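# Examination of the molecular architecture
Below, each chain spelled out in residue letters.
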There are 2 protein chains.
Amino acid sequence: MSGLLGTNVITQIGILVHDIEKVSQAYADFFGVAKPQVIVTDVWEKAQTEVNGSPSEARAKLAFFDMGSLQLELIEPDEHPSTWRSYLNEHGEGPHHIAFVIEGMKEKITLLESKGFPLQQKGEYTGGRYAYMDTFKELKVLVELLENDKA
Amino acid sequence: MSGLLGTNVITQIGILVHDIEKVSQAYADFFGVAKPQVIVTDVWEKAQTEVNGSPSEARAKLAFFDMGSLQLELIEPDEHPSTWRSYLNEHGEGPHHIAFVIEGMKEKITLLESKGFPLQQKGEYTGGRYAYMDTFKELKVLVELLENDKA
């Protein structure tokens, strides 16, 4: 695997929605599964969210569904600046990103930026960190990098 | 599994593009894989494509990438009426559907239509058949059903 990520395994599809309670209920009904608990991303002090290089108080409500070997993630962003909010405003509801589990977040971000794929947003979550890279122009979807802490 | 499809395993993500040669080269470069052969869907006599209940001569160029347990499908539609063309015109380039392998295509289409998810497009391909169901309003992405012939 000589690609930029060191993997080509999609682990997540992220879909932007206006009303996560309504849409997650629709998924639960459609696929015959329990409606998952909606999670709210951490406050800035924990998430340390940066959007286009600047700190942002942006938070989002998330709901996850296991769909085979990958997760489908519903995302309802708040009104603060984020890749979620700007993409939702520009494209409307629908798929936003595909995610890949990588190792070495800083090095991957640097590598991707050197190849012309700017960092759009990054942040921390319990157990790891994420980065949205702007691959839309080339790949027609955003790529999210996920790095999980070693146990 | 008491859901409408009898499965929740996503087997494919379909992404609409204007220039499949350019975008498939970008994927090949990004993921470090060979650029796949672009396939053109069958002529009407074989594909028997129906869009919103009417025959359509629509065809599309397709390119497939293996991304873990699922395929990422790039789709460049022609100008004839299709779910691909109307979605591309309305939403621009980007993800269009998630696909599931089902059994009993006719019964599944009837079941989904009875639940308020209309059939948008269906057709035949060598070895099976597909149907795009209009789940966008509820699920914020289209669902494609794939049925493969028994060996």
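Cut-offs applied
Residues numbered from 1 in each chain as written. Chains lettered and ligands numbered in written order. Predicted model: local features only at pLDDT ≥ 70, side-chain atom pairs only at ≥ 80, totals over all residues. Heavy atoms only, no water. Contact = heavy atoms within 4.5 Å. Buried area = accessible area lost by both parts, 1.4 Å probe. Salt bridge = Lys/Arg side-chain N within 4 Å of Asp/Glu carboxyl O. Polar contact = N/O pair within 3.5 Å; in protein donor to acceptor, adjacent residues only side chain to side chain. Helix = DSSP H or I, 4+ residues; strand = E, 2+ residues; numbered from the N terminus. Nonpolar A, V, L, I, M, F, W, Y, C, P; charged D, E, K, R; others polar. Buried < 20%, exposed > 50% of the residue type's maximum accessible area, 1.4 Å probe, protein only. Pairing = 2+ DSSP bridges. Axes fitted to C-alpha atoms, helices over the stretch in contact; angles between N-to-C directions. Least-squares fit on C-alpha atoms with pLDDT ≥ 70 in both.

For chain A, an unreviewed UniProt entry supplies the name VOC family protein and the organism Paenibacillus chartarius.

Taken together, the 40 residues of chain A in the interface contact 40 residues of chain B. Both sides of the chain A and chain B interface together cover about 3200 Å² of buried area, and 71% of this is carbon and sulfur. Looking only at chain A, the three residues that lose the most surface to chain B are Phe-30, Leu-139 and Lys-140 of chain A, adding up to 23% of its buried area. Where chain A touches chain B, the interface holds 2 salt bridges. Taking the shortest distance from any N to any O, the salt bridge between Glu-93 of chain A and Lys-140 of chain B comes out at 3.1 Å. At the boundary of chain A with chain B, the tally comes to 13 residue pairs in polar contact (both at pLDDT 80 or more). Contributing elements (two or more residues each) for the side of chain A that touches chain B: strand S1 (12-16), helix H1 (20-31), strand S5 (60-67), strand S6 (70-77), strand S7 (94-101) and helix H5 (136-139) of chain A. In terms of residue count, the dominant contributor to the side of chain A that touches chain B is H1 of chain A (5 residues). Its residues assigned to classes, the side of chain A that touches chain B shows 27 nonpolar, 9 polar and 4 charged.

Time to look at helix H3 (residues 83-91) of chain B. All names here are of chain B. All of the buried residues in H3 are Thr-83, Trp-84, Arg-85, Tyr-87 and Leu-88. For H3, the N-terminal capping position is held by Ser-82, with its side-chain oxygen 3.3 Å away from the main-chain nitrogen of Trp-84. Backbone geometry just after H3 places Gly-92 at a positive phi near 80 degrees.

So, about the sheet that holds S6 of chain A. Residue and element names in this part refer to chain A. The strand order S2-S5-S6-S1-S7-S10-S9-S8-S3-S4 describes an open sheet built from 10 strands, whose pairing is mixed. The open sheet has two free edges, formed respectively by strand S2 (39-40) and strand S4 (54-55), since each of these has just one partner strand. Bridging between strand S8 (residues 119-125) and strand S9 (residues 128-133) involves 6 bridges; their strand directions are antiparallel. Considered in S9, the bridge of Glu-124 is made with Arg-129. Across the face of the sheet, helix H4 (residues 105-114) comes into contact with S8, S9 and strand S10 (142-148) while running at roughly 5 degrees to S9.

Residues and elements named next belong to chain A. This structure, assessed with the given rule, holds 14 salt bridges over all chains. With a shortest N-O distance of 3.4 Å, Arg-85 and Glu-79 are connected by a salt bridge. Residue Arg-85 is classed as buried on the basis of its relative accessible area, which comes to 12%. In this structure, the salt-bridge partner of Lys-150 is Glu-103, at a minimum N-O distance of 3.6 Å. With Lys-150 in the segment after S10 and Glu-103 in the loop between S7 and H4, this pair connects stretches of sequence that are 47 residues apart. For the pair shown, Lys-150 and Glu-103 are each scored as exposed. Put simply, Glu-124, Arg-129, Glu-147 and Asp-149 are held in one network by salt bridges that share partners.

With that settled, consider the environment of Gly-32 of chain A. Tracing the backbone shows Gly-32 of chain A in the loop between H1 and S2. Residue Gly-32 of chain A is classed as partly exposed on the basis of its relative accessible area of 28%. Each residue touching Gly-32 of chain A, except ones within four places of it in the same chain, is listed here: Tyr-27 of chain A together with Ser-2 and Gly-3 of chain B.

Residue and element names in this part refer to chain B. Strand order in the open sheet made by the 10 strands is S2-S5-S6-S1-S7-S10-S9-S8-S3-S4, with mixed pairing throughout. For this open sheet the edge positions go to strand S2 (39-40) and strand S4 (54-55), each flanked by a neighbour on one side alone. Pairing geometry for strand S3 (residues 50-51) and strand S8 (residues 119-125), over 2 bridges, is antiparallel. In the sheet register, Val-51 faces S8, and the bridge partner there is Gln-121. Across the sheet, helix H4 (residues 105-114) touches S8, strand S9 (128-133) and strand S10 (142-148), and the angle it forms with S9 is around 5 degrees.

What follows concerns the relation of the copies chain A and chain B. At an RMSD of 0.0 Å, chain A and chain B line up after a rotation of 180 degrees and a shift of 0.0 Å along the axis. Look at the turn and shift together and you get a two-fold axis relating the two. Measuring from the rotation axis to each C-alpha of chain A, the shortest distance belongs to Pro-95 of chain A, at 3.0 Å.

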